[in-house]
Amino acid sequence: MGCPRVPGAVLVCLLLLRPPPSAACPSACRCALGEVDCSGHGLRRVPPSLPTNTSSLWLGYNFIMVLGQRSFPPLPELLLLSLPHNRLEMIHSLALLGLEALQELDLSNNHLTSLAPETFLPLSGLTMLNLGSNRLQELEPEVLGALPQLQVLLLQNNPWVCSCSILPLWLWLSHNRQKVQEKSSLLCKLPENLDKYPIMAFGNESFRQCQETPLTTQQYIIFLTIGPFSFTVSIFFCIFLGSITVAYHNLCREPHLCGRSHTRRGH
């Protein structure tokens, strides 16, 4: 007696509907209940395969230097990403795609010198960002403006250059004081006369000279070109008018040339 075929068809359907198995835990990591700890294993890049249910990913104390384009596999449940004490020098503007649920990001104690305005665009739900102890000298406010849910920001121990270029960042910080942590550690490094001066202690008057719009190189060239040209033209015009006036007076000295005009005046 043969086995009924209907249960077999049902079994096949169930197998097809079953979600694909989650990626195995990388050998250099420890995985348990959504937490993946890959700290201190000498990693030079993010593991290419991670469990899709990862909610916390710890990658601190490794040798990761670059987060390239799409450095992470899609992790729709990732809430915390910790990358402190690596050697991060560059983060690609598309490095964090696939991490849309992320809420906390720790990039402290690295070698970051700049960040593209698009870096954190995929992280619209981020509430905490730690950029402390890097090599940032300035930071475009558009980098932070991409984080509408941000509540905690750490920027301490960076070599900030307190020139006019820091004005946009200062304005953002002034309007978001409640979000900035460790304010007393947010200090100028350059110029030397402002070394260790607190950035948050600046006032509007400190940037008064920066608000005067300077001339660009192109504008200087235009002014330097138009100035001498217009001066030369004015001189030639004055000489031309002067020559006409002198010629007219010389002609009027001749009675037979200006007689008619004198006669008409007499009448």
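Here we summarise the structure given alongside this text. Keep in mind it's a predicted model, so treat the numbers as computed, not measured.

Here we come to the overall build of the protein chain. What the protein chain contains, in helices and strands, is five helices and twelve strands. When burial is assessed residue by residue, the protein chain has 33% of its 267 residues classed as buried. By sequence separation, contacts in the protein chain at least 24 residues apart represent 49% of the contacts at least 6 residues apart. Just so you have it, the protein chain exposes about 16,900 Å², and 60% of that area is on carbon and sulfur atoms.

A few words now on the pattern of salt bridges. Side chains that carry opposite charge are capable of pairing whenever their charged atoms lie near each other. Evaluation of the coordinates by the stated rule reveals one salt bridge. Here D37 and R30 are joined by a salt bridge, their closest N and O atoms 2.9 Å apart.

Attention now moves to the packing of aromatic side chains. Under the defined criterion, the tally for this structure stands at three aromatic pairs. Each ring, one from F202 and one from F207, has its centre 5.5 Å from the other, and the planes form 65 degrees; the classification is edge-to-face. The exposure classification of F202 matches that of F207, with both residues buried. Following the ring pairs from residue to residue traces out a cluster consisting of W170, Y197, F202 and F207.

A few words now on the sheet that holds strand 7 (residues 104–106). Strands pair in a sheet through their backbones, by hydrogen bonds, and they do so in one of two ways: parallel or antiparallel. Ordered in space as 1-2-3-5-7-8-9-11, the eight strands form an open sheet in which the pairing is mixed. Pairing within the sheet leaves two strands with one partner each, and these edge strands are strand 1 (30–32) and strand 11 (180–181).

What follows concerns the side chain of D106. Of note, D106 is situated in strand 7. In this structure D106 is buried but unpaired, with R135 as the nearest side chain of opposite charge at 15 Å. Of the polar contacts made by the side chain of D106, one reaches the side chain of S108; its length is 2.7 Å. Those residues in contact with D106 that sit more than four places away from it in its chain are L81, S82, L83, P84 and N130.

We now examine the state of the cysteines. Overall, the coordinates contain four disulfides when judged by the stated rule. Across the disulfide, C25 is cross-linked to C31 (sulfur-sulfur distance 1.9 Å). An S-S torsion of about 80 degrees defines the bridge between C25 and C31 as right-handed. Note on C25: relative accessible area 34%, which makes it partly exposed. Here C29 pairs with C38 through a disulfide, and the sulfurs are 1.9 Å apart. Its S-S torsion of approximately 105 degrees makes the covalent link between C29 and C38 right-handed. On the accessibility criterion, C29 (9% relative accessible area) is buried. The exposure class assigned to C38 is buried, which follows from its relative accessible area of 0%. Sequence-ordered numbering of the bonded cysteines in the protein chain gives a pairing of 1-3, 2-4, 5-7, 6-8.

Conventions adopted
- Residues numbered from 1 in each chain as written.
- Predicted model: local features only at pLDDT ≥ 70, side-chain atom pairs only at ≥ 80, totals over all residues.
- Heavy atoms only, no water.
- Helix = DSSP H or I, 4+ residues; strand = E, 2+ residues; numbered from the N terminus.
- Buried < 20%, exposed > 50% of the residue type's maximum accessible area, 1.4 Å probe, protein only.
- Contact = heavy atoms within 4.5 Å.
- Areas by Shrake-Rupley, 256 points an atom, 1.4 Å probe, with all protein chains shown as cover.
- Salt bridge = Lys/Arg side-chain N within 4 Å of Asp/Glu carboxyl O.
- Phe/Tyr/Trp six-rings, centres within 6.5 Å; stacked < 30°, edge-to-face > 60°.
- Pairing = 2+ DSSP bridges.
- Lys, Arg positive; Asp, Glu negative; His and termini not counted.
- Polar contact = N/O pair within 3.5 Å; in protein donor to acceptor, adjacent residues only side chain to side chain.
- Disulfide = S-S within 2.5 Å.

Scope: geometric values only; no functional claims are made or implied.
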